[in-house]
Structure formats: structure tokens, C-alpha cells
Amino acid sequence: MGLVADIHLDGAPGERPDVSPCIEDLPVPGPDANGLDEVDEFKDRKMSFYDDRGAAPATQFSFFTSQLDSVIHSSTIQSLRSFYKPFDTLLDTTEHSGLWWLDVTAPSDDDIETLSRIFDIHPLTTEDIKMRESREKIELFDRYYFLSLQPARQVEAVDGTRSSSPNVYAIVFREGVLSFNFGNSPHGGHVRNRIKEHRSHLALTSDWISYALIDDIVDGFAPFINRVQAGVELIEDDVSITRPDDIGLALQRIHRYRKEVLQIRQLMNDKTDVIRCFDRHCGSFGPSTMDVTLYLGDICDHVLSMVADLYNAEQMLSRAQEKYLSQLAFDSTRMRNEIAATLSRMTVVGGILVPMQFLIGLFGMNVTVPGQTPEDVDSPPVNWWYGILGVILGPASVALALRTFHQWSKIYIYAVVEESLHWRSIVPGGVPHAARKDDTYMGYHIPKGATIVPLHWSMSLDEQHFDNPLEFRPERWLAEPDDDRFTNFFGYGRRICPGRHIARNSLFILVARILWGFEVRPPTGPDYQPKTVEDMDFGSAFVSAPAPFEAIFQPRSEDARRVIESE
């Protein structure tokens, strides 16, 4: 029978210890790991979508036939022909009494040419396989249809360059399947294990093997998508607690995840086109079992579900990126304001020290001391020194007083803004949230999925923290701080309003400009008395707004009027 030392028969008793390894013997990750390293998503590492395993697989021929209960593995075609006579007959006559499947791992160009001649494969198909054609497709020929699919894992070379992993190719005849793969692809072994488990009640056809390959390749994307979703949720949870120094790293993580999501979405969209073509070509060489068509519907639903998950992940990443960028812009503005405030303090200090240094330098020179001449006998010398000291400290005192007034005005305006948000909540009922897990609060059990409504209006009127809460009194925010006081006017958690900083700054500017430019007073009635404005007259919708009321805005001066009219 020839040389058979490299033959391996799955599950055969008395297996030789020195046989060549088969693809099932290779270390294939479990369903939970799926080839992904158990490392932190947020460390500087290679993305899990890439596979950096550098060892090239050995050439392997795996032959399955419905006439045997085991799969025959060999490293050469010749040894396989010598070991199993029906396979030799198949290669000579392309006829076999039963369904067959020859799966070739890492074939050489000579192996591809040899099998193409034996099975009369079209030159275009042979060229696609030899050139590792990366486009996913299904093409119909006279005796077969050609299937090309790209698996989930991407290849990363030692030098860091990345490229798509070689496709899995299948040539589907009516009587059997000839498939090729050029990497450490576990899909052929998965399909053979699936056949072994369900063989007793499975109507096995070549179309079903083709379907099983498509299904297993599509399922290979699920762990990567789940990994991306978990990482995206962590990114979104960290938006409100990320330190300013870590925003750059967070944006880099978002960029990597968005890149991976786009790559997976592109591959999944190509899979959708292949499945549609497979549905048309399935059963092209004779009647096929109806179960394959039903299975195709399951694959389509799975692909659509994955695409929807990727779309949601992309939207979450986009929102997180916008939040981080707005936070970065706010931090930059705050830093510029702090630098400007520091420079203004240094200017005041310089305005004090420079004149003092100038006068001290003058008095250190050989000049006449004031108050020591005969004409100054009626004015004690100490008066001169008080006068000089007053000239030095007077402008400095005025500058400090103006700065203190400016700072106090700024703080008071902030207090007006906070009091406005507290006094009349913009969203009285808050934005509903859902509990992500069971929780207990103050003895109350909150089940997972329960809707939680934060009543901003009620918390703003808590008399334990707000004395006389219905009175508009900004001074309450200038007193001692109260950490338990309600200040979450823009929501909570990862659903907090991303524009809260812009809103507060806009309110500050609006209040400051109104106070600078206008005197606001109520109009007078027929009795020449000021009209009373009902401060409790406001809407009760999701967003609360006051009812229309009358007010007089009078420019404070002609200069203010000119500035207002020019803008």
C-alpha cells in the first residue's frame, strides 16, 4: 500500500505516536477565549482583532467521507491515495460512492495545480486560490460553484504590519467539496466536529457543508464583537470620571475601537452579499434539502444582529468622543482663564513693586532728604514719609479694591446661575434611568430593569439643605458649602448632559451681559404701581419654561445703548 507513516485516522485505536499532527491536534482556543489574550482592554497592546501567531501551519490533507466514521489526515496526497483505495479511485475517476470532502491546509502551488487538473477546475478558480484572492464571493461554473470567505482573525507580522488573513476557499460539487485554507484556521475542524455530533439525524449534502463553513466563519466574529461592546461600555462609563490628563489616552482607545468596528462592519456587509448569492446557487446541481434554506435564514438573522450591535457600538463611541472633546475644550478654556488670572495677579504685584523700587533707588542716591531743609521746618519729616508711602500704596490699593470687586461680582454671578437652576428646575421630573442590576437603597429593593425617575423639583425644594427654598436668594451659594445639597441639574452617570459646561458658561455670560447693559424692572399698572409677576406660573411639561410675562429692559447708559445696538 505504500508509505502510510504520516496517516492519522480520527479516533482510531492503536494510533501511532509518531504521526504528523492533524488540525484537530493544534491548540485551538475554547469558545470563551476564541484566540483572544486575556489582557486589559485599556492597556497599550495589540487589538484583539489581530492574530500575531507567526508559525506557519504544515501542509495537511483531511479527507471525510460518508462511508467512514472517521476523518483521514495525511501530509501528502500520495500517502492518502495509498492508505485509502476509494480516495485513489476518486482522484482517478472523480467518482465516489457517497458524499466526500477534501480539506487542504496550507497547500503548495503544485498541490493546487494537481487537484485542479484532477477535478477539472476552471483556470480562473485556480488563479484565485493561488493568488489568495481576498474578495469574498460566490461564482457559479459548469460543474461546481466557488466560495471565497474571509475569517474574522487578521494577521499581524513581526514588524507590526497588518494584513487580512487568507480567505477560506471551497469548491462545491454535487457529490462533494474541495476546500483550501492557508492559515491556522479552525473552521474545517469545527464543521467536522459538528457533523460527528449530528450525523445520526443530519441529511448531509455538499450544500450543507458549504453552509456549515459559512455559519462557522460568521460565528467567529461574535467573540470579537462582544469584546468590543464590553470595551465600549467601559469607555462610556468612564466619561464622567476620566481625569483631564487621561483624556488623550481615552481618545486613542476610542480611535482604535472605531477602527476595529469599521473593519468588522465591512467584513459583515460582504458576508451578507455572499449569503444572498449562496441562497441563489444552493441546489444548482440538483434538488437540495429544504433544511439548508432554513439554516440560511438563521445566518442572515445572526449577521443582521451583529451589524446592529456594531452600529450601536459605533454610535456609543461617537457620543463618547464628542463628550471627551467637549470636556477637553472646557479644560483648555479653564486653563487659559487660570493663566490669565495668574498674569493679572502678577501685573498687580508688579505695579506695586516697580514704583517702590524706583523710589527706593532715588532715595539711595545722593539727593536732598525731604523735610530737612530750612523751608520745611513747619512740616515734620514723618509727614513726608507718610506722603511718599501714600503715593506708593494708593494706586496699589485702588487696583486691589477694583480686582476684589471684580472677583466678588464674578462669584456672585455664578451664585445667580446656580440659584436659577435650583429655583426653577429645567427638567422637574428628571430623565428616567433603568437599573442595570438589583440594588437596595434605604431598605427598598430595586429590581434589575426597574425605571428610576429622579425628581429634580423635589430635591431642589429639600428644606434640610435649602433654607426657604421658594425664595430666590443667590447668597445661599456664597455661604458655607453643603456637600449633600442637590446640584445635579444636568443628570447623572454616563447619560449626563455632555453640554453641561457649555450651558453653565452660556448662562454666566447671559446674566453678566444683562446686568452690565440693562436695568430690569417690572412695568407699572393703571394705578402707577409695579405689576406683580407670578413666579410660580410656569409649564409642567418634560422641559419646564415660565409663562410669558412683562418686563422693562432699560439700557444703563448711552455707552451701553450704543454697544447693544451695534451688536
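Residues numbered from 1 in each chain as written. Predicted model: local features only at pLDDT ≥ 70, side-chain atom pairs only at ≥ 80, totals over all residues. Heavy atoms only, no water.

Asker: So what's going on with the overall build of the chain? Residues and values would help.
Answerer: What the chain contains, in helices and strands, is 13 helices and 17 strands. With 567 residues in all, the chain has 36% of them scored as buried. Counted over contacts in the chain with a minimum sequence separation of 6, partners at least 24 positions apart contribute 69%. Accessible area for the chain stands at about 33,000 Å²; split by element, carbon and sulfur atoms hold 58% of it. (Helix = DSSP H or I, 4+ residues; strand = E, 2+ residues; numbered from the N terminus. Buried < 20%, exposed > 50% of the residue type's maximum accessible area, 1.4 Å probe, protein only. Contact = heavy atoms within 4.5 Å. Areas by Shrake-Rupley, 256 points an atom, 1.4 Å probe, with all protein chains shown as cover.)

Asker: Mind laying out the pattern of salt bridges, listing which residues take part and the relevant values?
Answerer: Inspection of the entire model under this criterion finds 23 salt bridges. Across the pair aspartate 215 and arginine 194 runs a salt bridge whose closest N-O atoms are separated by 2.9 Å. One end of the pair, aspartate 215, is in helix α6 (residues 206-219); the other, arginine 194, is in helix α5 (residues 187-198), and 21 residues separate them in sequence. Residue classification places aspartate 215 among the buried residues on the basis of a relative accessible area of 7%. Taking the shortest distance from any N to any O, the salt bridge between arginine 319 and glutamate 236 comes out at 3.7 Å. Of this pair, arginine 319 sits in helix α9 (residues 290-363) while glutamate 236 sits in helix α7 (residues 222-237); the two residues are 83 residues apart in sequence, bridging distant segments of the chain. On the basis of relative accessible area, arginine 319 is assigned to the partly exposed category, the value being 34%. Where salt bridges share partners, they join Arg81, Lys85, Asp88 and Asp92 into one cluster. (Salt bridge = Lys/Arg side-chain N within 4 Å of Asp/Glu carboxyl O.)

Asker: How would you explain a nonpolar patch on the surface if you had to name every residue and give the values?
Answerer: Among the surface-exposed residues, Met335, Ile339, Leu343 and Met346 lie close enough to one another that they form a single nonpolar patch of about 430 Å² accessible area. Inspection of the secondary structure assignment puts leucine 343 in helix α9. Given the relative accessible area of 49%, leucine 343 is considered partly exposed. (Patch = residues over 30% accessible without salt bridge, like charges linked within 9 Å, V, L, I, M, F, W, Y side chains within 5 Å.)

Function cannot be read off these values alone, since they describe shape.
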